[in-house]
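# Inside the fold
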Amino acid sequence: MSTEDHPAPRSLAEALRARDDASLATLLRSRPDLITPVPTDLTQLATRAGTRASVVRALERLDRFALQTAEALAVAADPASYDELLGLMAGDARDPDVSAALPAALATLREQALVWGADDRLRLVRTARELLAPSPQHPSPTGLGPSVREATAGMSPGRIQEIVATAGLPSTHDSVSAVDALTALFTHRRRMRKLLSEAPPESLEVLERLVWGPPYGQVTHDPAPRLRRLLDRGLLLPTTPGTVVLPREVALHLRAGRAHRAPEPLPPAVEPAATHPPQVVDTTAAGQAYTALATVEELLKDWDEGGPAVLRAGGLSVRDLKRTAVALDVPEPVAAFWVELAYAAGLIASDGEADERYAATPAYDEWLERPPAERWVRLAEAWLAATRTSGVVGGRDAKERALSALGPGLDRSAAPEVRHRVLALLAGLPEGSAPEAGAVLARLRWERPLRGPQSGPAPQGEDDLRSRLARWTLTEAELLGVTGRGALSAQGRALIGVSPAARSRRTEPRGPGDKLPVHHHRTAAPLAPLSPPERAVAAAAAARLLAPLLPEPLDHVLLQADLTAVAPGPLRRPLAEVLGVLADVESKGGATVYRFTPGSVRRALDAGRSASDLHAFLAAHSRTPVPQPLAYLIDDVARKHGHLRVGAASAYVRCDDDTVLNEILADKRAAALRLRRLAPTVLAAQADPGTLLEGLRAMGYAPAAESAEGDVLITRAHAHRTPPRTAPEPVPEGPPVPDGTLLTAAIRAIRAGDLASTAPRKPTNTTAPLAPGELPRTSSAETLATMQAAVLTGEALWIGYVNAEGTASQRVIAPVRVEGGFVTAYDHTADEVRTYPLHRITGVAELAND
């Protein structure tokens, strides 16, 4: 396109005005804060794009090379040419990788509205320049200092002339021309080489120490000769008493023109560190997925009748987390992960009672009824989307308060993005390939080098939040079965929407961090976020791939003579539930060992089973005959069960055999129960029924609880559930990315408002020129007369309008009729016919003929 047809923009607003709708949509999608709320016109959009908060957010989402490009522009002239920028990035040697990558990096900055202007007049937005340009308070990430002009701003004219003369330059009539001559000397490669060749080695050594930054150094009031020589020639310039700085032009000469010591045009490659057969990866991951399901079930079973108490500040106490870790036989950080995962999936919550405790939710019962693969998918999806991060449990918040599992303060908004990005990098490797964790972290640091405003990349060896999130992601993905042996499994690939067909459809970038130049795609192409329908398809595909790899549930056990039962694999749910009540788990692993004890048998009888039920159940589900010791155990406990009855007085014991009550009264262990006889067959106690039950059982009896009506109370599993609860909502990182419908409507509104605000108006003698964005002001009579005249002539008018909510806007309308205090007109900004109350029109102006 020719510059005659499209003159160079004079502001960011003009640059945005020259964009097409697709380009504006890309900007608003990658910087969604600009659309909240929708700007009234492009001038307001440009103003918002230049605010400090928005610019900081945009800079934080740049990759390292794009950020280095912005940093180079911050130390270049304003405006700068593309050739000047190329020299700062590629150096005098014109590094070919940098030269090839620079156009794409510059296009990213333009796309994000951080840079505007043609290639011969590139401008970094003012706020970005202020953030990235060097200053004594905020050194530049480039390590460069101020320019000669900036460093000599407070220097006396006589001193400047002395420096010019000592540097071998002719004297000038004013300081401005003297500074220009000194700048020209320092930017002239041949003349600078000659000047430096005359300096002694010890002086050059001083320059070498400052060249890559920081550029400031300390001197005494009487500098050494090696420093004096540099100060006399302006190669070092004083800033404050006792401090000198290396001018930017001198440093660039010593750096061979490069603004950065190590430009990074290419992302660090994520290469395979180990390769396994894909089938091994998938089966290993499936084994971990089965373990994950068993662990969550065990956790919920442990909390089935009411879990740990909720702390006053929210969350689990340290003691309860330790107990949970012991019950699950895992370290405490892993226990925190499983607890948070169940919470994120909506399977546990607080019950909301006065004595608030954690318990399973009704959704847990629904979850148990699903096939194992679908249950795993629900856990994996909850993990991918959760912003609550178990890795920070045990740490401290900004107010030095301890962070507890299930407590407040665990949300880290960047977690879902980091998880998806890590899995996408794994998906970019060949199937069965596992990378080194360090390579993944290096890639993520390249993609998001900033940790906060005005901060550079994380120091070597220091983990920022994104790096810690990435480490936790790799560990948690292995625990959950998304990966196996460090490689992404088939079900993991399906879960994030990666398949041979979907991969080619979904590699389009959706933001500045994901938008890499073509030559950058050395490993994995960033994947666009999944829409809800795509997520449903991906979940179904993941479940379909995982289902055949999970072990088939068994309907039998092997009973042994030592009062144990061996389950050689996972058991079907009814069998597992009954056996979990009838016996205690003794050991886990590939085979689970259950042990029958008097207490476990009594537990089954308390749950409403009879001795004949238990004999029939074991005979039906054992591949071996029921051992005689087990049959005797069941019959012996059943004979005693219910012989004693415990109710509420505070509590009482009744028994038809008074000799048994005599034995209890005579037993010294019953002293704590404070029993007394009410009748030959009834004893009263001052302990509550629960304590009385436990006390009698500890004495070797098998009492049964009864209701106020005298019926035996049956203790059933799943006795405690919370009211219906929803899973915790993820805390988004900034405004949500707008969808296509919202973008289309927003761009249309912005264009319409811009048309109204920039429409040329006829000059008038009675009104002063309006400032940009200011509404026209006319009297009611003038407004009515102008409207009526426009109906007759068919001309368009520019109006100011305030709606019922008090929002002011500018519009271009073509009045059709005026009656009853309303004007009906074709609204060019909305592209439709509308009716406006005349009293809400602030003023009107005629448009110029063109």
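Residues numbered from 1 in each chain as written. Predicted model: local features only at pLDDT ≥ 70, side-chain atom pairs only at ≥ 80, totals over all residues. Heavy atoms only, no water.

### Regarding the overall build of the protein
Check the secondary structure of the protein and you find 34 helices and 25 strands. Contacts in the protein between residues at least 24 apart in sequence constitute 66% of all its contacts with a sequence separation of at least 6. Of the roughly 40,400 Å² of accessible surface on the protein, 54% is carried by carbon and sulfur atoms. (Helix = DSSP H or I, 4+ residues; strand = E, 2+ residues; numbered from the N terminus. Contact = heavy atoms within 4.5 Å. Areas by Shrake-Rupley, 256 points an atom, 1.4 Å probe, with all protein chains shown as cover.)

### With respect to the pairing of strand E23 (residues 822–827)
Of the strand pairs in this sheet, strand E22 (residues 808–819) and E23 are connected by six bridges, and their pairing is antiparallel. Within E23, the residue paired with Arg 817 across the bridge is Thr 824. Count of turn residues in the E22/E23 antiparallel hairpin: two residues, of which Gly 820 carries a positive phi of about 60 degrees. Here E23 runs beside strand E24 (residues 832–837); their pairing, made up of six bridges, is antiparallel. In the sheet register, Asp 827 faces E24, and the bridge partner there is Glu 832. (Pairing = 2+ DSSP bridges.)

### What to know about the nonpolar core
Leu 59, Phe 186 and Leu 236 are the most contacted members of the largest nonpolar core, which has 93 residues in total. Of the residues forming this core, the biggest block, seven residues, is contributed by helix H5 (residues 64–74). Sequence-distant contacts of Leu 59, defined by excluding residues within four places in its chain, comprise Leu 67, Leu 114, Leu 131, Leu 132 and Leu 450. Listed in part, the 61 residues of the second largest apolar core include Val 339, Tyr 364, Ala 382 and Leu 410. (Core = buried A, V, L, I, M, F, W, Y, C linked by side-chain atoms within 4.5 Å. Buried < 20%, exposed > 50% of the residue type's maximum accessible area, 1.4 Å probe, protein only.)

### Digging into the sheet that holds E22
With antiparallel pairing, the five strands of this open sheet are ordered in space as E24-E23-E22-E21-E25. On the outer flanks of this sheet lie E24 and strand E25 (841–846), each paired with one strand and no other. Sheet twist, expressed as the mean angle between neighbouring strand axes with direction ignored, is 45 degrees. Pairing analysis gives six bridges linking strand E21 (residues 797–802) to E22, with the strands arranged antiparallel. Its bridge partner lying in E22, Ile 799 is registered against Arg 811. Seen against the sheet, helix H34 (residues 780–793) touches E21, E22, E23 and E25 and runs at an angle of roughly 60 degrees to E22. (Axes fitted to C-alpha atoms, helices over the stretch in contact; angles between N-to-C directions.)

### Some details on the packing of helix H13 (residues 201–210) against helix H14 (residues 225–232)
Contact pair H13 / H14: the axes reach a minimum separation of 8 Å and the direction vectors enclose 70 degrees. Considering their axes alone, H13 and H14 lie roughly perpendicular with respect to each other. In contact with Glu 202, Ser 203, Val 206, Leu 207 and Arg 209 of H13, H14 contributes Arg 226, Leu 227, Arg 229 and Leu 230. Classifying every residue of the contact of H13 with H14 by side-chain character gives four nonpolar, one polar and four charged. (Parallel < 35°, antiparallel > 145°, perpendicular 65-115°, else oblique. Nonpolar A, V, L, I, M, F, W, Y, C, P; charged D, E, K, R; others polar.)

### Structural notes on helix H28 (residues 598–606)
Of the positions making up H28, those classed as buried are Ser 600, Val 601, Arg 602, Ala 604, Leu 605 and Asp 606. Considering only its buried residues, H28 is in contact with helix H27 (573–582), strand E14 (584–587), strand E15 (592–595), helix H29 (611–621), helix H30 (628–640) and helix H32 (689–698). Positive backbone phi, approximately 105 degrees, marks Gly 608, located one or two places after H28.

### Points about the sheet that holds strand E4 (residues 237–238)
Strand order in the open sheet formed by three strands is E3-E5-E4, and the pairing between neighbours is antiparallel. Two strands close off the open sheet at either side, each with one partner strand: strand E3 (216–218) and E4. Relative to strand E5 (residues 243–245), E3 runs antiparallel, the two sharing three bridges. In the sheet register, Gln 218 faces E5, and the bridge partner there is Thr 243.

### Structural notes on H14
Each turn of an α-helix holds 3.6 residues, which means side chains three or four residues apart point in the same direction. When we look at burial in H14, the residues that qualify are Leu 227, Leu 230 and Leu 231. Viewed end-on, H14 has its buried residues packed into an arc of 100 degrees, placing them on one side of the element. Buried residues along H14 sit in contact with helix H10 (157–166), H13, E4 and E5. Positive phi appears at Gly 234, one or two residues downstream of H14, with a value of about 75 degrees. (Arc of directions from axis to C-beta.)

### Examining the packing of aromatic side chains
One pass over the structure, following the stated rule, counts four aromatic pairs. When the ring of Tyr 801 is compared with that of Tyr 836, the centres are 4.9 Å apart and the planes differ by 65 degrees; the resulting orientation is edge-to-face. Of this pair, Tyr 801 sits in strand E21 while Tyr 836 sits in strand E24, placing them 35 residues apart in sequence. Among the residues examined, Tyr 801 registers a relative accessible area of 10% and is labelled buried. The aromatic ring of Trp 367 is capped on one face by Arg 375, whose charged end is 5.3 Å from the ring centroid. (Phe/Tyr/Trp six-rings, centres within 6.5 Å; stacked < 30°, edge-to-face > 60°. Lys NZ or Arg CZ within 6 Å of the ring centre and 35° of its normal.)

### Describing the pattern of salt bridges
Proximity of charged atoms lets side chains of opposite charge pair with each other. Under the criterion given, the structure shown has 34 salt bridges. Of the charged contacts, one joins Arg 228 and Asp 232 as a salt bridge, the two residues approaching to 3.7 Å between their closest N and O atoms. On the criterion of helical spacing, the pair formed by Arg 228 and Asp 232 is a turn pair, its members being four residues apart in helix H14. Taking the shortest distance from any N to any O, the salt bridge between Asp 355 and Arg 357 comes out at 3.9 Å. (Salt bridge = Lys/Arg side-chain N within 4 Å of Asp/Glu carboxyl O.)

### Notes on the confidence of the model for the protein
Detailed reading of the predicted coordinates is not advisable wherever pLDDT falls low. Per-residue pLDDT for the protein averages 85, and the proportion of residues at 70 or more is 89%. Note on residues 452–462: pLDDT under 50 across the span, and 20 contacts to partners over four residues away in sequence or across chains. In this model residues 500–525 is a low-confidence stretch, pLDDT under 50, and it forms 61 contacts with partners more than four residues away in sequence or in other chains. (pLDDT = per-residue confidence, 0-100.)

### As for unusual backbone geometry
Following Thr 36, the chain continues to Pro 37 via a peptide bond in cis, the omega torsion being -5 degrees. Relative to the helices and strands, Pro 37 is located in the loop between helix H2 (21–30) and helix H3 (42–49). The omega torsion of the bond from Asp 78 to Pro 79 falls at 0 degrees, within 30 degrees of zero and hence cis. Phi angles above zero are rare outside glycine, and Ala 256 is one such case at about 60 degrees. Tracing the backbone shows Ala 256 in the loop between helix H15 (248–254) and strand E6 (272–275).

### So, the packing of H27 against H29
Where H27 meets H29, the closest approach of the two axes is 12 Å, and the angle between their N-to-C directions is 130 degrees. Relative to H29, H27 is oriented oblique. Crossing handedness for the pair H27 and H29: left-handed. Along its contact with H27, which presents Leu 575, Val 578, Leu 579 and Leu 582, the element H29 presents Leu 614, Phe 617, Leu 618 and His 621. Of the residues belonging to the contact of H27 with H29, the class tally is seven nonpolar, one polar and no charged. (Left-handed = near helix turned anticlockwise from the far one by under 90°.)

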